[in-house]
Amino acid sequence: FMPAAGFDALSPGLYGGYGPSWRLHEGFNAQFGMSLSAAFGHGAPRGVGFGQHAAFAYALPAGKRLSFAAGVYAANMDWGGLRRTEGGVAGIIGYRLSDAVSLYAYATKRFTPDEYGRRCGMFPVFLYEPKERIGAMAEFKLGKSAMIQVSVERDGY
């Protein structure tokens, strides 16, 4: 139906390159995940990191070409004595130009405080999630099972 840009929450594999790896279908959508992380080298967090996240969205069409989705996300990461919990809201609007090209605009707002900011040694992005994100994305379908997505976003620190 449509990608879930902005609903990725706190997921170490997606930092610095938010990916719409989750596709929404019409109606209620839920995503749950867990992660296990390890890093090596000078300045790396010690031990193993454990993370959990959940996202919930409701998506609906508003005609043949226009669609909307809105929802909430929450996540937790505990690694090397650092703990990060966050939660926020996200929304996306999609417009299908043709069967092969769709355009999207999305935004997120995090409501939890920025506990660690950028003070994490050599891994400054690990525990940092922007307070707001606003973006636009174009999706080009190359066939039944392949597509290219190009996005531009601005995040508020």
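You'll find the structure just up there.
Keep in mind it's a predicted model, so treat the numbers as computed, not measured.

A.B. asks: Residues and numbers for the packing of aromatic side chains, please.
C.D. replies: Applying the stated criterion across every chain yields a total of two aromatic pairs. When the centroid spacing of 6.2 Å and the interplanar angle of 20° are considered together, the rings of phenylalanine 28 and phenylalanine 56 count as stacked. Of this pair, phenylalanine 28 sits in strand E3 (residues 27–38) while phenylalanine 56 sits in strand E4 (residues 48–61), and the two are 28 residues apart along the sequence. Phenylalanine 56 sits in the partly exposed class, given a relative accessible area of 28%. Taking the centre distance of 5.4 Å and the plane angle of 75° together, the rings of phenylalanine 32 and phenylalanine 56 count as edge-to-face. In this pair, phenylalanine 32 is assigned in strand E3 and phenylalanine 56 in strand E4, connecting sequence segments 24 residues apart. Through a chain of ring-to-ring contacts, the aromatic side chains of Phe28, Phe32 and Phe56 assemble into a single cluster.

A.B. asks: Go over the pattern of salt bridges, please, and point to the residues and values.
C.D. replies: With the rule as written, the count across this model stands at four salt bridges. Ionic pairing is found between arginine 23 and glutamate 139, a salt bridge with its closest N-O pair at 2.6 Å. Residue arginine 23 is found in strand E2 (residues 23–24), and its partner glutamate 139 is found in strand E8 (residues 132–141); the two are separated by 116 residues along the sequence. The partly exposed category is assigned to arginine 23, whose relative accessible area is 31%. One salt bridge connects arginine 133 with glutamate 153, and the closest N-O pair in it is separated by 3.0 Å. Here arginine 133 is found in strand E8, whereas its partner glutamate 153 is found in strand E9 (residues 147–156), with 20 residues between them in sequence.

A.B. asks: Lay out the environment of glutamate 86 in plain terms, naming residues and giving numbers.
C.D. replies: Note that glutamate 86 resides in strand E6 (residues 82–96). What makes glutamate 86 buried here is its relative accessible area of 2%. The spacing of glutamate 86 and tyrosine 73 is 13 residues in sequence and 8.2 Å in space, taken between C-alpha atoms.

A.B. asks: How would you summarise the pairing of E4 if you had to cite specific residues and measurements?
C.D. replies: Regular strands place side chains that alternate from one sheet face to the opposite one. Pairing of E3 with E4, which is carried by twelve bridges, proceeds in the antiparallel orientation. Bridge assignment links serine 37 to a residue of E4, and that residue is glycine 49. Pairing geometry for E4 and strand E5 (residues 66–79), over twelve bridges, is antiparallel. Paired with alanine 57 across the strands is glycine 71, a residue of E5.

Scoring rules and cut-offs
- Residues numbered from 1 in each chain as written.
- Predicted model: local features only at pLDDT ≥ 70, side-chain atom pairs only at ≥ 80, totals over all residues.
- Heavy atoms only, no water.
- Phe/Tyr/Trp six-rings, centres within 6.5 Å; stacked < 30°, edge-to-face > 60°.
- Helix = DSSP H or I, 4+ residues; strand = E, 2+ residues; numbered from the N terminus.
- Buried < 20%, exposed > 50% of the residue type's maximum accessible area, 1.4 Å probe, protein only.
- Salt bridge = Lys/Arg side-chain N within 4 Å of Asp/Glu carboxyl O.
- Pairing = 2+ DSSP bridges.

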